[in-house]
Amino acid sequence: MSYEDKITSFAAQVREGKVAEPTGELRLGVDLGTANIVLSVIDAEDQPVAGAWEHSTVVRDGIVVDWAGAVKAVCGLKEILENRLRCRFTAAAVDIPPGISEGTIKVFRNVLTAADLAVSQIVDEPVAASRVLGIADGCVIDIGHGTTGVSILKGGEVVQSVDEPTGGHHMNLVLAGAYQVSYDEAEDLKKDPKRTDDVFGVIRPTLEKMATIAQRAIAGHRLEMVHLVGGAASLPDAPDVFSAVLGLPVVRPLEPLFVTPLGVAMGGKK
Ligand SMILES: Nc1ncnc2c1ncn2[C@@H]1O[C@H](COP(=O)(O)OP(=O)(O)OP(=O)(O)O)[C@@H](O)[C@H]1O
Ligand SMILES: [Mg+2]
């Protein structure tokens, strides 16, 4: 299965509750994001089997700000997946923004432990994405709800990473101001395909700011292209904006929000 097919299958599993026939042992991954908590199940061949998500406000800028809320969400999603797959999970992998402190990593670890899950693996978010994309070297730009993360990978490890607070959240603030609507209405407006052309002019400067963060982060690195992932990369013109600022080809999967969550449990014990 191509990586694009894997991501698209996983997106359908999350959105529509679909389940794929697994090969071998199941592995669970937990992605705690600013806007979404996503749990992924993959099989021994790293193929997507099932997924579940919940809108969340428990993480802000890579820090768990609502510990009890995070535990409750992980427990609830785990139970949904266990019922769907008729199995029990006792361990999971978790991803973290690169470069966070040991103390913050411990909080992510504790969320899993409190949800009765042993921590099988702690993986940097861009490494998770790179495993799905099948790259060991290159650049992964993750534009989520809270931050823009830019990571350079060499040999499957993060060698340089920048994470700055500009994401989909900031687009909502700009849209709410421009259209005089509530924050939640701005979120819906942004994601409405019928309004894309209308709202894009207002959102473009925020995307350009993200691209400028990336431009600074990759200065001095010889790159032939970059990979763009994260929910905010769903905007149809996002690759063009990044490509214009970076002067490089930009590759964005069809379902960029699901790339990092799908890769969390990959590469672990088989
Ligand atoms: N179709 C869409 N068009 C535009 N934006 C979208 C679309 N779908 C999702 N988004 C935006 O993507 C963001 C969520 O993406 P993602 O789940 O990658 O973030 P996160 O991992 O929770 O945040 P972070 O990585 O910053 O902690 C939200 O701002 C959401 O509005
Ligand atoms: Mg994220």
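Residues numbered from 1 in each chain as written. Chains lettered and ligands numbered in written order. Predicted model: local features only at pLDDT ≥ 70, side-chain atom pairs only at ≥ 80, totals over all residues. Heavy atoms only, no water.

J.: Explanation requested: the overall build of the protein in the structure shown.
T.: Within the protein one finds nine helices and 12 strands. Taking 270 residues into account, the globule formula puts the C-alpha radius of gyration at 18 Å, and the protein, at 18 Å, falls close to it. Taking all 270 residues of the protein together, the buried fraction comes to 50%. Put simply, 64% of the contacts in the protein that link residues at least 6 apart link residues at least 24 apart. Counting every atom, the protein has about 12100 Å² of accessible surface; 50% of that belongs to carbon and sulfur. For the protein, the distance from the average position of its 25 positive side-chain charges to the average position of its 36 negative side-chain charges is 2 Å. (Helix = DSSP H or I, 4+ residues; strand = E, 2+ residues; numbered from the N terminus. Rg over C-alpha atoms; globule rule 2.2 N^0.38 Å. Buried < 20%, exposed > 50% of the residue type's maximum accessible area, 1.4 Å probe, protein only. Contact = heavy atoms within 4.5 Å. Areas by Shrake-Rupley, 256 points an atom, 1.4 Å probe, with all protein chains shown as cover. Lys, Arg positive; Asp, Glu negative; His and termini not counted. Charge placed at Lys NZ, Arg CZ, Asp CG, Glu CD.)

J.: Explanation requested: the domain arrangement of the protein in the structure shown.
T.: By a widely used convention, the size of an interface equals the accessible area lost when the partners come together. Domains assigned within the protein are domain 1 (3-132 + 258-263) and domain 2 (134-255). Both faces combined, the contact of domain 1 with domain 2 buries some 1500 Å², and carbon together with sulfur accounts for 60% of it. Along the contact surface separating domain 1 from domain 2 lie one salt bridge. Of the charged contacts in the structure, one is a salt bridge between Arg15 and Glu255, with a shortest N-O distance of 2.8 Å. Summed over the shared surface of domain 1 and domain 2, the result is eight residue pairs in polar contact (both at pLDDT 80 or more). Breaking the side of domain 1 that touches domain 2 down by element, the ones donating at least two residues are helix H1 (3-16), helix H4 (125-133) and helix H9 (259-263). Among the residues making up the side of domain 1 that touches domain 2, the classes are represented as 12 nonpolar, three polar and six charged. (Domains from an automatic or database assignment. Buried area = accessible area lost by both parts, 1.4 Å probe. Salt bridge = Lys/Arg side-chain N within 4 Å of Asp/Glu carboxyl O. Polar contact = N/O pair within 3.5 Å; in protein donor to acceptor, adjacent residues only side chain to side chain. Nonpolar A, V, L, I, M, F, W, Y, C, P; charged D, E, K, R; others polar.)

J.: Which parts of the structure should I look at to understand the packing of helix H5 (residues 168-179) against helix H7 (residues 196-218)?
T.: A pair of packed helices is characterised by two quantities: the angle between their axes and the separation of those axes. Orientation of H5 relative to H7, taken along the N-to-C sense of each, is 140°, at an axis distance of 9 Å. Comparing the axis directions of H5 and H7 gives the class oblique. Crossing handedness for the pair H5 and H7: right-handed. Contact residues: H5 offers Gly168, His170, Met171, Val174, Leu175, Ala178 and Tyr179, while H7 offers Asp198, Val199, Val202, Ile203, Thr206, Leu207 and Met210. (Axes fitted to C-alpha atoms, helices over the stretch in contact; angles between N-to-C directions. Parallel < 35°, antiparallel > 145°, perpendicular 65-115°, else oblique. Left-handed = near helix turned anticlockwise from the far one by under 90°.)

J.: Would you take a moment to explain the nonpolar core for this structure?
T.: As a rule of thumb, soluble globular proteins bury nonpolar side chains together. Ranked by size, the top nonpolar core spans 32 residues in total, and within it Ile141, Ile143, Leu207 and Phe242 carry the most contacts. Listed by contribution, the elements that provide at least two residues to this core are strand S8 (138-143), strand S9 (148-154), H5, helix H6 (183-191), H7, strand S11 (226-229) and helix H8 (238-246). Top contributing element to this core by residue count: H7, with 10 residues. Grouped together as the second largest cluster of nonpolar side chains are 29 residues, Val58, Ala70, Phe89 and Phe108 included. (Core = buried A, V, L, I, M, F, W, Y, C linked by side-chain atoms within 4.5 Å.)

J.: Any chance you could explain the pattern of salt bridges here in plain terms?
T.: Where charged atoms from two side chains of opposite charge come close, those side chains can pair. The full count for this structure, using the stated rule, is nine salt bridges. As a salt-bridge pair, Lys191 and Glu187 come within 2.7 Å of each other at their nearest N and O atoms. Taken together, the positions of Lys191 and Glu187, both in helix H6 and four residues apart, correspond to about one turn of that helix. Under the relative-accessibility criterion, Lys191 is labelled exposed at 54%. Its relative accessible area of 19% is what places Glu187 among the buried residues. Ionic contacts of the salt-bridge type, sharing partners, join the residues Glu187, Lys190 and Lys191 into one network.

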